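Structure at a glance
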Amino acid sequence: MDKILEGLMSSNHPVPVKKAIIKKVIEAAEKAVTEEQCQAMFTLTTQLILLPHYDDAFERQVGCKVLEAYARYHRPEFERYFSKDFVLGLLQQGYGELHHKDPAIIDFIHSCLRLLISCPSVLEIFSVIQVEVLRMVCERPDPALCARLSTLLSDFVQCIPKDKTGGLFCQQLVRTISYFQCFANEEQELREYVNQVTKVSTLLQNIWKADPTTLLPSLQEVFSIISSTELTYEPSIALASLVQHIPVQMITVLIKSLTTDQSVKDANMTKALCRMIDWLSWPLAHHVDIWVIALLKGLAAVQKFTILIDVTLLKIERVFNRLWYPIVRMGAFAVLSHMLLSFQHSPEAFHLVVPRIVPLVQSLTADGHPNSKAFLLQFSELIHCMMYHYSGFPDLYDHILEFIKDCPKPGEDKIKLVLNQSAWTSQSNSFAPGFLRPSGKSETGKTGLVNLGNTCYMNSIIQTLFMATDFRRHVLSLNINGSERLMKKLQLLFAFLAHTQRAAYAPKNVLESSRPPWFNAGSQQDCSEYLRFLLDRLHEEEKTIQVLLSSEMPKDASGDIRNDNGPKALTAPAENVPPASPPECDERTLIEKMFGGKLIAGIRCMHCNSISEKEEPFTDLSLAFCPPATSADSGQAAGPSGGPELHCQGSVNGGSENPESGSAKSPASSVPIVPETSEPPLSVPDLVNYFLAPEILDADNAYFCEKCSSLRRAERTLKVVSAPEYLILTLLRFAYDTECHVRRKILDNVTIPTLMRLPVHAHTSRPSPAQEDAPEGSENLAKKLKPSQNDDEERLAGAVELASVQPVPYALCSVVMHSGLSSESGHYYSYCRDVCEVDGTQRLANSLSLEDENGAGCVASCSSLAASCERADASSSSGHSDKDWLLFNDSRVTYASFQSVQNITNRFPKDTAYVLMYRRQDLHGTGAANGMRMNAEPPLHKELLDAIIKDNKLFLQEQELNARTQVLQASSSCSSKPNGSDDNNPPGSCGPSGGGGGGGGGGFNTISRLVF
């Protein structure tokens, strides 16, 4: 029968004739034949299958059908033909001219095993195949052969190597996959290649499920391959097909093992991460993005920032390019988002992909597919976040904004939240050992200030000024030439507070330049005194520059005055500062515009009714506490020696304004004045009204009237005639007891309203020169007695007439607290919030104006919000939200509520409000009177941005170095602390850490801790 079949296949008969005869041959298989005939038939069919003439598929089909028929009816003979030796020969030597690596060999063996599956002899064949497949895999078969082999092993799991060789087989199969290369250009060929790789990865998945002990060696082999820097070939991205088969639950364990393994060098980790990112191109891989992001976070947690920087800059463009392909778009976008949002120390990574954004947006818009539209919304939100974080590049961003203008823009709060959660220094530290603590920013996203040795007085003031939104924005927008100027150093500090990656920054340069000469380094000082000195220095510095600039202008017609060592005007970019009014040029300094107000101090002789008035500027009002009621009867009894004083610009001239402030008293000698709890607590408006109340000058304090030419009893008044943009109020809590010769702290609790009205008088005529030069009589502004009531008709005609009083609303934005019993000791910290013109406080200011229009009328005294408005304020976002207020305590920045501000003295008797800052609220949102409102944060100047980028890189390097040092110390000494160094300072510390951890600017971490 074999001769008939052989002659038929070599004849020229038509195919239908051949098929009819072949059918007869297959039917004859049921009849009894001799051993020799069976062997001849098996040999012939094997040749037809493996060695067809002209690669004829018809011959293969005939051979398979005839072989199957004869093997079924003559099973013993087939067992003897298809023996283990025959199989071994096929796998090692091939068949005739057919090479042993030809996939047809595996297919033939596969089909023969199906015919012998129920025969005992098949077990011997299985054992041969177990050995041979390991050898074949070690020879690195091509994808086609490997796919056929995987199909064979998937159907006959008995052929898979077991026990010790099982793990080795998986490792070698993984390495074989790394050699796969695809040279196809046609879609069908690409699909075939992907299908082949999928079959191999599915085999590994089945092995891992059947024997979990083989999984870890396989993954170790994967990492060994992708992390190698010495390979003579580039590992195939086909390895990405394995990721989807790794249990997601193993991510934490595996990433922790990789990132904390000290034997893994940075170069190897960098290679591995780069190659994993390349896996995003694999079309059918799932979870690749999850593993890449997990590894990025793991490296950030152990502070290996050098690797993250190198990989991001190297691969960010490649990842972006994957967004063009819908099949891998979402995975690539997840990785791209993480890389961009976490790379916050420099715009370099984002600017690498900026040129590619518009073409992608155009493509997505033109596509019109629902998936493309949905993706465009996510993509535009990411771009908005990045442009917000790296503002100041309109030349790069204008074109992008034009193309994404129809996409919704995320709110500022959402952007800040996303950026804060994504930074490398805010990554979860679950991957790191217990002794590694990345010092990232707090959840608030704000930066603290390192205490440089009892410098909490400065830190609290700097944070208060920084949180004064308009002042901060104008400082950042100034063009300042000269690095030694105090305003330049303050500008740089503000830029760091806004954009540094550090949890806390060390303000060394500002401290050295702004510390008053009479302040001893390392000693506790008065924050109010420091604030006045700081504002005065900034004011005088700008005034000096204006004078020098104006004197040099005639010499240079072009006005281009430039001298690196000389002054230059402090001017803001045109796009940030509102245009000045045409009639006159505003030559006020920034300090005057922001904090400057004006008072009119008037003295009326109660004998002749003549009036002398003088206009005086101020930057803060010092509010004394009302004297006890018993002293009011004496008329001239002395009130608190630290009574209300007028602090004007230029008043600080090298020493303390209060004589007693210079006397050093030990904390033990400072006796606090215990507040009376039987009376209702004072409020800030009470103290302002007491400050503005008329004062009687009599007896030893009598006024010399020029008209009467003698000492006369007189009445002294103070009226605010120009309201500042930011109203600074200092509560004079430190009184000097002349009898006991000690400075006492007044611990009375003062109610602080979130919104209050300041009475501002509009004067219609200016005082005459004679009146302006009239002596003031006494410099003591303390209010000792209420004035007697006199009719307005008795006032001297033609002096100064006052128009109706305008109640100007102010919203509370900052409170500086003092904790302690003495001005020479204790601790300062501050509560602050951003007060914007469009927030709830503005609406309350408008409601207050409406209240006045409806009958309340203009009042001549300071007042807080009515009770009904207070209740509305409590339910609004004006200041009582748990996330609106921030507590700045040196290095620590945490969320706080306004309730904690109000009740601080009740809970901690030594903690009292000391310096308050209110922001002017314009009625009905008409805009600031002085045109100083800025609606957005200004873009940073290049030199500021460069300094921040440089320091952020330095900070990341410091963090990485510290982490490595700690790891080495922990590994070399088993007695080291498991949680690292003790950085938990006691509350109220005035030491370098200020009650909290955090690195300082420029790597500052050497000052020893000071605790009072």
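Residues numbered from 1 in each chain as written. Predicted model: local features only at pLDDT ≥ 70, side-chain atom pairs only at ≥ 80, totals over all residues. Heavy atoms only, no water.

**A few points about the environment of Asp 698**
- Note that Asp 698 resides in the loop between strand S8 (695–697) and strand S9 (703–705).
- Taking C-alpha positions, Asp 698 is 7.2 Å from Arg 712, a pair spaced 14 residues apart along the chain. (Helix = DSSP H or I, 4+ residues; strand = E, 2+ residues; numbered from the N terminus.)

**Considering the packing of aromatic side chains**
- Going through the model one piece at a time under the given rule, you end up with 28 aromatic pairs.
- Here a set of aromatic residues connected by ring pairs shows up, and it is made of Phe 42, Phe 78, Tyr 81, Phe 82, Phe 86 and Phe 108.
- For the cation-ring pair, Arg 472 lies above Phe 466, with the distance from its terminal atom to the ring centre recorded as 5.0 Å. (Phe/Tyr/Trp six-rings, centres within 6.5 Å; stacked < 30°, edge-to-face > 60°. Lys NZ or Arg CZ within 6 Å of the ring centre and 35° of its normal.)

**Points about the nonpolar core**
- Membership of the largest hydrophobic core comes to 211 residues, with the highest contact counts inside it found for Phe 82, Leu 113, Phe 350, Ile 462 and Phe 471.
- The residues touching Ile 462, leaving out its near neighbours within four places in the chain, are Leu 449, Leu 490, Leu 493, Phe 494, Leu 497, Val 510, Tyr 530 and Leu 534.
- One finds Ala 601, Phe 618, Leu 692 and Ala 723 within the second-largest nonpolar core, a separate group that totals 41 residues. (Core = buried A, V, L, I, M, F, W, Y, C linked by side-chain atoms within 4.5 Å. Buried < 20%, exposed > 50% of the residue type's maximum accessible area, 1.4 Å probe, protein only. Contact = heavy atoms within 4.5 Å.)

**Considerations on the environment of Val 174**
- For Val 174, the location among the structural elements is in helix H10 (residues 163–178).
- On the accessibility criterion, Val 174 (0% relative accessible area) is buried.
- Sequence separation between Val 174 and Ile 225 is 51 residues, and the spatial gap between their C-alpha atoms is 9.0 Å.
- In this structure, Val 174 is in contact with Leu 204, Ser 218, Glu 221, Val 222, Ile 225, Leu 239 and Leu 242, ignoring residues within four places of it in sequence.

**Brief notes about the packing of helix H15 (residues 288–301) against helix H17 (residues 329–342)**
- At a minimum axis separation of 9 Å, H15 and H17 run at an interaxial angle of 15°. For the element pair H15 / H17, the angle class is roughly parallel. Read as a crossing pair, H15 and H17 show a hand that is right-handed. Note on element contacts: H17 touches H15 through Gly 331, Ala 334, Val 335, His 338 and Met 339, opposite Asp 289, Val 292, Ile 293, Leu 296 and Lys 297.
- Classifying every residue of the contact of H15 with H17 by side-chain character gives 6 nonpolar, 2 polar and 2 charged. (Axes fitted to C-alpha atoms, helices over the stretch in contact; angles between N-to-C directions. Parallel < 35°, antiparallel > 145°, perpendicular 65-115°, else oblique. Left-handed = near helix turned anticlockwise from the far one by under 90°. Nonpolar A, V, L, I, M, F, W, Y, C, P; charged D, E, K, R; others polar.)

**Here's the deal with unusual backbone geometry**
- Although it is not a glycine, Gln 303 adopts a positive phi angle of roughly 65°.
- Examined against the element boundaries, Gln 303 turns out to sit in the loop between H15 and helix H16 (305–321).
- One non-glycine residue with positive phi stands out, namely Ala 699, at about 55°.
- A relative accessible area of 41% places Ala 699 in the partly exposed class.

**A closer look at the pattern of salt bridges**
- Across all of its chains, the model carries 31 salt bridges by this definition.
- With a shortest N-O distance of 2.9 Å, Asp 278 and Arg 318 are connected by a salt bridge. Of this pair, Asp 278 sits in helix H14 (residues 266–278) while Arg 318 is found in helix H16, placing the two residues 40 residues apart along the sequence.
- Of the residues examined, Asp 278 reaches a relative accessible area of 10% and is grouped as buried.
- Overall, the relative accessible area of 37% leaves Arg 318 in the partly exposed class. (Salt bridge = Lys/Arg side-chain N within 4 Å of Asp/Glu carboxyl O.)

**Observations regarding empty space enclosed by the protein**
- Enumeration over the complete set of coordinates arrives at 6 cavities of 30 Å³ or more.
- Taken as a whole, the largest cavity encloses approximately 80 Å³ of empty space.
- Around the largest cavity, the lining residues are Gln 344, His 345, His 389, Tyr 390, Ser 391, His 499, Leu 940, Leu 945, Ile 948 and Asn 952.
- When residues of the lining of the largest cavity are assigned to their parent elements, the largest contribution, 3 residues, is made by helix H34 (residues 942–972).
- Tallied by class, the residues present in the lining of the largest cavity amount to 4 nonpolar, 6 polar and no charged. (1 Å grid on protein atoms, 1.4 Å probe; cavity = no way out; pocket = protein on both sides within 12 Å on 5 of 7 lines; lining within 4 Å. Points joined across faces, edges and corners; volume = space filled by probe spheres on them.)

**Details of the environment of Val 66**
- Turning to its location among the elements, Val 66 is positioned in helix H4 (residues 57–73).
- Distance in space between the C-alpha atoms of Val 66 and Thr 45 is 6.8 Å, their sequence separation being 21 residues.
- When near neighbours in sequence (up to four residues on either side) are disregarded, Val 66 contacts Leu 5, Ile 22, Ile 26, Met 41 and Thr 45.

**Some thoughts on the confidence of the model for the protein chain**
- Of the residues in the protein chain, 75% have a pLDDT of 70 or more, and the chain-wide mean is 77.
- Within the model, pLDDT remains below 50 along residues 428–438, and this stretch shows 39 contacts once partners closer than five positions in the same chain are excluded.
- Confidence drops under a pLDDT of 50 for residues 629–671, and excluding neighbours within four residues, the segment shows 86 contacts in the predicted structure. (pLDDT = per-residue confidence, 0-100.)

**A look at the pairing of strand S21 (residues 892–896)**
- Both strand S20 (residues 885–889) and S21 contribute to a ladder of 5 bridges, which runs antiparallel. What sits directly across from Asn 889, in S21, is Arg 892.
- Turn length for the S20-S21 hairpin, with the two strands adjacent in sequence and antiparallel, is 2 residues, and the turn residue Asp 890 shows positive phi of about 55°. (Pairing = 2+ DSSP bridges.)

**Description of the packing of helix H3 (residues 35–50) against H4**
- Direction vectors running N to C along H3 and H4 enclose 150°, while the axes themselves pass 7 Å from each other. It follows that H3 is roughly antiparallel to H4 by the angle criterion. When the axes of H3 and H4 are compared, the crossing they make is left-handed. Counting all contacts with H3, which are made through Met 41, Phe 42, Thr 45, Leu 48 and Ile 49, the residues of H4 involved are Glu 59, Arg 60, Gly 63, Cys 64, Val 66, Leu 67, Tyr 70 and Ala 71.
- By residue class, the composition of the contact of H3 with H4 is 9 nonpolar, 2 polar and 2 charged.

**Digging into the pairing of S20**
- Burial within S20 is extensive, with 5 of its 5 residues counted as buried.
- Here S20 shows a buried face lined by Trp 885, Leu 887 and Asn 889 and a second buried face lined by Leu 886 and Phe 888.
- Note: strand S18 (residues 827–832) against S20, 3 bridges, orientation antiparallel. Paired with Ser 830 across the two strands is Phe 888, which belongs to S20.

**What about the sheet that holds strand S4 (residues 611–618)?**
- Taken together, the 4 strands give an open sheet; going across it, the order is S4-S3-S11-S8, and neighbouring strands pair in antiparallel fashion. Where the open sheet ends on each side, the last strands, each with one partner, are S4 and S8. Each strand of the sheet is rotated relative to its neighbour by a mean of 25°, with strand direction disregarded.
- As paired strands, S8 and strand S11 (residues 714–722) are joined by 3 bridges and run antiparallel to one another. Within S11, the position partnered with Glu 695 by the bridge is Arg 716.

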